[in-house]
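The chain contents come next:
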Amino acid sequence: MQRLGKNHGAYAGEGIDLQTTLDAQHAAAQRHGWQTEWLEAAPAIRLLALCRPLPRPRRRVYLSAGIHGDEPAGPLTLRQLLEEDAWPAGCALWMCPCLNPTGFPINRRESALGTDLNRDYRHRETPEVRAHIAWLERQPRFDLTLCLHEDWEAHGFYVYELNPEQRPSLAERIVSAVARVCPIDPSPLIDGREASGGIIRPSLDPESRPQWPEAFHLIQHKTTLSYTLEAPSDFPLPVRVAALAAAVRAALEAL
Ligand SMILES: [Zn+2]
């Protein structure tokens, strides 16, 4: 499978119709018994938050997507998984399927006001991130969190692991599941960090970082195991959706 060669200096592929995608996510969640909530971040900015609690869950898992408005595969993947409704038994789920609703209509990474929301979890200057964190604070801790992303420069799928307590890693299982549907980025250096077989295990202390992505907030406050799943957005959109869906399924099955 070859790269499309479309992205030069930015993502240049197709976007999504935001309202269609949100409506489909919301409808599928309601159809399958999820609790649905619209978080009023600002007068014209609403975030969809979903949860499917169980009385005595074996696992609690949180998923998010769409914090970067030029990464359509994440929200499309969560739409597909909501519609399929084939989650592992005993797994209670929480989901924010589109965290940057003003970025998608302009197919841009940042919000409409130009902020990279995925750098705002330390200082919390945007209404989107403040509303999201307020919602997270009302939820229990999670056994696992998965953040779905895309990278327009990547040569294949890769994954970031945050695992400060050295729990059993799910990264190899995630990568081998994705490899069946999408190339894995073989680069020894991805996004400026050492990588091996598509896996990045950054050794970093969030406290030392001036700006926090969502995953840092999660690892500091909500979980001890977090994966950021990165699909390569210079490949066809259906391949990227298949990659992210395979990654989510593999992580849930391996947990
Ligand atoms: Zn991203």
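Residues numbered from 1 in each chain as written. Predicted model: local features only at pLDDT ≥ 70, side-chain atom pairs only at ≥ 80, totals over all residues. Heavy atoms only, no water.

## A short note on the coordination of the zinc ion
Looking at the zinc ion, the protein donor atoms are H68 (ND1), E71 (OE), E71 (OE) and H149 (ND1), and they sit 2.1 to 2.4 Å from it. With four donor atoms in place around the zinc ion and angles of 57 to 150° between them, the coordination shape is irregular. Coordination of the zinc ion draws on donor residues from a single chain, spaced H-x2-E-x77-H in sequence. For H68, a relative accessible area of 3% translates into the label buried. (Donors = N, O, S within 2.8 Å, 3.2 Å for Na, K, Ca; no water. Tetrahedral: all angles 85-135°; square planar, octahedral: opposite > 155°, others 65-115°. Buried < 20%, exposed > 50% of the residue type's maximum accessible area, 1.4 Å probe, protein only.)

## Focus: the environment of L229
Within the secondary structure, L229 is located in strand β10 (residues 226-232). For L229, a relative accessible area of 0% corresponds to the buried category. Spatially, the C-alpha atom of L229 lies 6.9 Å from that of L244, the residues being 15 residues apart in sequence. Not counting chain neighbours up to four residues away, the residues in contact with L229 comprise L146, C147, L148, H149, F157, Y158, V159, I174, L244, A247 and V248. (Helix = DSSP H or I, 4+ residues; strand = E, 2+ residues; numbered from the N terminus. Contact = heavy atoms within 4.5 Å.)

## Some thoughts on unusual backbone geometry
The backbone phi angle of R124 is positive, close to 55°, even though this residue is not glycine. Within the fold, R124 resides in the loop between β4 (91-96) and α3 (127-137). The class for R124 is partly exposed, based on a relative accessible area of 30%. Residue Q166 is not a glycine yet carries a positive backbone phi of 55°. Structurally, Q166 can be placed in the loop between β6 (158-162) and α4 (171-178).

## Observations regarding α3
Those residues of α3 lying buried are E128, V129, A131, H132, I133, W135 and L136. In the core, the buried residues of α3 are packed alongside β1 (35-42), β2 (45-52), β3 (59-65), β4 and α5 (214-221).

## Quick word on the nonpolar core
Among the nonpolar cores identified, the biggest contains 50 residues, and F157, Y227 and L229 are the most heavily contacted of them. Element by element, the count of residues in this core is highest for helix α6 (residues 237-254), at 12 residues. Membership of the second largest hydrophobic core comes to 28 residues, among which are C96, Y121, W135 and L162. (Core = buried A, V, L, I, M, F, W, Y, C linked by side-chain atoms within 4.5 Å.)

## A word on the sheet that holds β4
Pairing is mixed across the open sheet formed by eight strands, whose spatial order is β1-β2-β4-β3-β5-β10-β6-β9. With partners counted over all chains shown, the strands left at the sheet margins are β1 and β9 (199-200), one partner each. (Pairing = 2+ DSSP bridges.)

## Comments concerning the pairing of β4
Counting buried positions along β4 gives six out of six residues, so the element sits mostly inside the fold. As paired strands, β2 and β4 are joined by three bridges and run antiparallel to one another. For L50, the partnering residue across the bridge sits in β4 and is M95. Sheet topology note: the β3/β4 ladder contains six bridges and is parallel. Bridging from a neighbouring strand, Y62 pairs with W94 of β4. Taken together, β3, helix α2 (residues 73-84) and β4 constitute a β-α-β crossover, and its handedness is right-handed. (Right-handed = clockwise from strand over helix to strand, strands pointing away.)

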